[in-house]
Amino acid sequence: MAEIGKDIEKAAVLLASGELVAIPTETVYGLGGNAFDADAVLKIFETKGRPQFNPLIVHTDRVEKISSFIQDMPEEARILAEKFWPGPLTLLLPRNEIIPDLVTAGNTRVAIRIPDHPLTLQLFAQLSFPVAAPSANPFGYISPTKPAHVADQLGDLIPYILDGGACRVGVESTILGFDEFGRPEIHRFGGISQEAIEAEIGSVRIHEDIMPLRPQASGALRSHYAPRTPMILGDIESLLEKLGGSEVGVLSFSRRYAEVPDTQQQVLSEVGDLREAAQGLFGAMRYLDGLNLKLILAERLPDHGLGRAINDRLKRAAE
């Protein structure tokens, strides 16, 4: 079973030797390996059971380090990096050959992020390489937001979990790239809202194939973040009238339902706060999934700000 601790030196030694370490970020816990080491990257795919056509995000601690593994950085990317890094924004940028094809699934661009977590930034500062890190969970399942979630899912497969406490954002990073004409476009909704990005660089497009079968960006497959219990996304009140409430779980934004046992309900934010809802989303899904119910009923949240990212995860979980 993986050891859980706060030993940065131990985590650094393991990563430098080609081992995998679960690392905390402000979004979710990542399963990290040396991004320059193709064998370590392959180990990430094998440990997660992740398809090798699904690219990984590369993490580091300073913008200055990025120049060694990208070809160039558009001005709009520099503006966003200065504003939102460290933070839940991933940029798709043209890669250098030092990044193995396995990291990018053969794409010409690499996904890069500087996460906003003090423990992980201290770890990265000690490393001579960036860290490739998808979420630290079996492929397609609910992303982990606490060390215990990682231990429950991957504890027998990795040596160490760096304990940074609970993740404060709770949904993955927003992914933004640039099309062939240099126009910025969002590939995945996440912890930085479209509105916040547009406040810095003006209007951005939504990638027309935001959930492709062969994605250019991590976390962009149609079926993802899913509990093992079947989930239906819709109007909870109408669904309860058809299905009853005795053997179903409810995942709601702010309302409780009298016809469903209270222990089978997860309310993301009783005051209707999207940030609170995002922070608790994956934990709520995990709780309901552990009740061995026949079905989970969920509803869409207001489709603005972080609500877009939450709705994106709910839609993929219900596919």
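Residues numbered from 1 in each chain as written. Predicted model: local features only at pLDDT ≥ 70, side-chain atom pairs only at ≥ 80, totals over all residues. Heavy atoms only, no water.

Undergrad: So what's going on with unusual backbone geometry? Residues and values would help.
TA: Residues apart from glycine generally show negative phi values, whereas peptide bonds are mostly found in trans. Cis rather than trans, the peptide bond between Trp-85 and Pro-86 has omega equal to -5°. With phi around 55°, Ala-105 is a residue other than glycine that occupies positive phi space. With respect to the helices and strands, the residue Ala-105 is situated in the loop between helix H5 (101-104) and strand S6 (109-113). Ala-105 sits in the buried class, given a relative accessible area of 9%. Of note in the backbone geometry, Asn-292 takes a positive phi value of approximately 55° without being a glycine. By secondary structure assignment, the location of Asn-292 is in the loop between helix H10 (274-289) and strand S15 (295-298). (Helix = DSSP H or I, 4+ residues; strand = E, 2+ residues; numbered from the N terminus. Buried < 20%, exposed > 50% of the residue type's maximum accessible area, 1.4 Å probe, protein only.)

Undergrad: Lay out the packing of helix H1 (residues 8-16) against helix H6 (residues 118-125) in plain terms, naming residues and giving numbers.
TA: Axis separation between H1 and H6 bottoms out at 9 Å; the angle between their running directions is 50°. When the axis of H1 is compared with that of H6, the two are oblique. Relative to H6, the crossing made by H1 is right-handed. Listed contacts from H6 to Ile-8, Ala-11, Ala-12 and Leu-15 of H1 are Leu-119, Gln-122 and Leu-123. (Axes fitted to C-alpha atoms, helices over the stretch in contact; angles between N-to-C directions. Parallel < 35°, antiparallel > 145°, perpendicular 65-115°, else oblique. Left-handed = near helix turned anticlockwise from the far one by under 90°. Contact = heavy atoms within 4.5 Å.)

Undergrad: Before we move on, could you go through the pairing of strand S5 (residues 89-94) and cite the residues and values that matter?
TA: When you tally the buried positions in S5, you get five out of six residues, the bulk of the element. Pairing between S5 and S6: four bridges, direction antiparallel. For Leu-91, the partnering residue across the bridge sits in S6 and is Ile-112. (Pairing = 2+ DSSP bridges.)

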